[in-house]
Amino acid sequence: MAKGTILSIDAMGGDAAPGVVVDGLAALLADRADISVLLHGNEPVLAPLVAAQKALAGRCQIIHSDTVITSDMKPSQALRRGKGSSMWNAVEAVKNGEAGAAVSAGNTGALMAISMLILRKMEGVHRPAMTALWPTLRGRTVVLDVGANLEADAAQLVTFAIMGEAYARAALGIAKPTIGILNIGSEEMKGHDEVREAHEWLRAAKLDIDYRGFVEGDDISKGAVDVVVTDGFTGNVALKAGEGVARMLGSRMREAFTASLMTKIGAALAMAGLKTLRSQMDPSNVNGGVLLGLGGVSVKSHGGTDARGFARACELAADLASSHYRDEILANLARIREGGLAAE
């Protein structure tokens, strides 16, 4: 295969796999000459799909897997029965040094459990966190955790801030990302003990990060900071609420612009602006959640994504694989431990 970044792909995970997976990889490799892939899945099914894509010629190695992690399989079941599956083998290739990152659109809980078992946690990380890239008025904001941990104490929130800061630099190209902790108000007396304690730790720690204090829910979409830190319960509720509002607005806009002849004419005149807006709100353009805090890169694509969205998740994985974000996380976690601020 071609030299450069090698991605390990679960070809069988996702609502429309493996067709969408192969189409997405073809779109990615047509634009990125520095990427090649290990494609894990049912070889008799994958071989004709791969052969039909010229962009994959010589840059895609199919590795046969007999079993698949299903969407309804519990994480505990995936750990017991998943060895040898396309998802398991995709992650294991990263551990073995055969690839720089793994990507799957399959079962989220299973991918998290398998990734944690195989890749293990980084030193100083008590619990990994799942990220989301949130469209904002200023571009994109990293939000974490969005579901890996229902609760998080102060030490874990500090760790999330350190991981999110390094991730934002690698994924968004921001030299000095700003960080805020999600709270019910910006005043220092607001919120529960964990967020207030984490706030004090980040202000006192001698870290080379730009911590801005508390942010509120509406600050996420404003893009008030580049990284928003919260526990997984709150983050997941906020994420799903935001996605619901985006779908509602899209539906209402279609209704408004097709209500009459005049609104249709108005839509035609505003077509360029509407296309830009649709692109900004399209989840395919921000696809890819990363489980931060592991000893390797594991990226979760939306299960219902299209080929363009899967390509975006793979592009994110490739960018992370070639970055130094994990070294930056380890360095700041070491400073936290040296300062006596971290908790086990």
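Everything discussed here concerns the structure shown above.
Residues numbered from 1 in each chain as written. Predicted model: local features only at pLDDT ≥ 70, side-chain atom pairs only at ≥ 80, totals over all residues. Heavy atoms only, no water.

1. What about the overall build of the protein?
Phase 1: Along the backbone of the protein there are 13 helices and eleven strands.
Phase 2: Here the C-alpha radius of gyration of the protein, 21 Å, is about what a compact globule of 344 residues would show, namely 20 Å.
Phase 3: If one aligns the C-alpha atoms of the protein with their principal axes, the spans along those axes are about 60 × 60 × 35 Å.
Phase 4: Accessible surface, the protein: about 15,800 Å² in total, of which carbon and sulfur atoms supply 54%.
Phase 5: In the protein, the 35 positive side-chain charges and the 38 negative ones have mean positions that sit 4 Å from each other. (Helix = DSSP H or I, 4+ residues; strand = E, 2+ residues; numbered from the N terminus. Rg over C-alpha atoms; globule rule 2.2 N^0.38 Å. Areas by Shrake-Rupley, 256 points an atom, 1.4 Å probe, with all protein chains shown as cover. Lys, Arg positive; Asp, Glu negative; His and termini not counted. Charge placed at Lys NZ, Arg CZ, Asp CG, Glu CD.)

2. Focus: the sheet that holds strand E8 (residues 210–215)
Phase 1: Judged by pairing direction, the sheet is mixed, and its eleven strands sit side by side in the order E3-E2-E1-E4-E11-E10-E5-E6-E9-E7-E8 without closing on themselves. Only two strands of the sheet have a single neighbouring strand rather than two, namely strand E3 (60–64) and E8. Across this sheet, the average inter-strand angle for adjacent strands is 25 degrees, counted without regard to direction.
Phase 2: As paired elements, strand E1 (residues 5–10) and strand E2 (residues 35–41) share six bridges and run parallel to each other. Paired with Asp 10 across the strands is His 40, a residue of E2.
Phase 3: In this fold helix H5 (residues 108–119) packs onto strand E4 (101–104), strand E5 (129–136), strand E10 (289–292) and strand E11 (297–300), with an angle of close to 180 degrees to the strand it touches most, E11. (Pairing = 2+ DSSP bridges. Axes fitted to C-alpha atoms, helices over the stretch in contact; angles between N-to-C directions. Contact = heavy atoms within 4.5 Å.)

3. Observations regarding unusual backbone geometry
Phase 1: Here the amide bond leading from Ala 17 into Pro 18 is cis, since omega sits at 0 degrees, within 30 degrees of zero.
Phase 2: Within the element layout of this structure, Pro 18 appears in the loop between E1 and helix H1 (19–31).
Phase 3: A cis geometry characterises the amide bond from Leu 144 onward to Asp 145, with omega recorded as 5 degrees.
Phase 4: Take Asp 145: it is sitting in the loop between strand E6 (139–144) and helix H6 (154–172).
Phase 5: For Arg 120, which is not a glycine, the phi torsion comes out positive at approximately 65 degrees.

4. Here's the deal with the environment of Ala 101
Phase 1: Looking at where Ala 101 falls in the secondary structure, it is placed in strand E4.
Phase 2: Residue Ala 101 is classed as buried on the basis of its relative accessible area of 0%.
Phase 3: Sequence separation of Ala 101 and Ala 317 is 216 residues, and the distance between their C-alpha atoms is 5.9 Å. (Buried < 20%, exposed > 50% of the residue type's maximum accessible area, 1.4 Å probe, protein only.)

5. Considerations on the side chain of Ser 86
Phase 1: Here Ser 86 lies in helix H4 (residues 86–95).
Phase 2: In this structure Ser 86 comes out as buried when scored by relative accessible area, which is 1%.
Phase 3: Within the structure, Ser 86 has its side chain in polar contact with the side chain of Asp 10 (distance 2.6 Å).
Phase 4: Not counting residues within four places of it along the chain, the set of residues in contact with Ser 86 comprises Asp 10, Met 12, His 40, Gly 41, Ser 65 and Thr 67. (Polar contact = N/O pair within 3.5 Å; in protein donor to acceptor, adjacent residues only side chain to side chain.)

6. Description of the pairing of E6
Remark: a regular strand shows side chains that alternate across the two faces of the sheet.
Phase 1: Note: E5 against E6, six bridges, orientation antiparallel. Bridging across to E6, Pro 135 finds its partner in Arg 140.
Phase 2: In this structure, the hairpin formed by E5 and E6 is closed by a connection of two residues.

7. Notes on the side chain of Ser 65
Phase 1: On the secondary structure map, Ser 65 appears in the loop between E3 and helix H3 (75–81).
Phase 2: Overall, Ser 65 belongs to the buried group, its relative accessible area being 3%.
Phase 3: Discounting residues that sit within four places of it in the chain, Ser 65 has contacts with His 40, Gly 41, Asn 42, Gly 84, Ser 85, Ser 86 and Asn 89.

8. A look at the pairing of E8
Phase 1: Looking at chain direction, strand E7 (residues 178–182) and E8 are connected through four bridges and run parallel. Bridge assignment links Leu 182 to a residue of E8, and that residue is Val 215.

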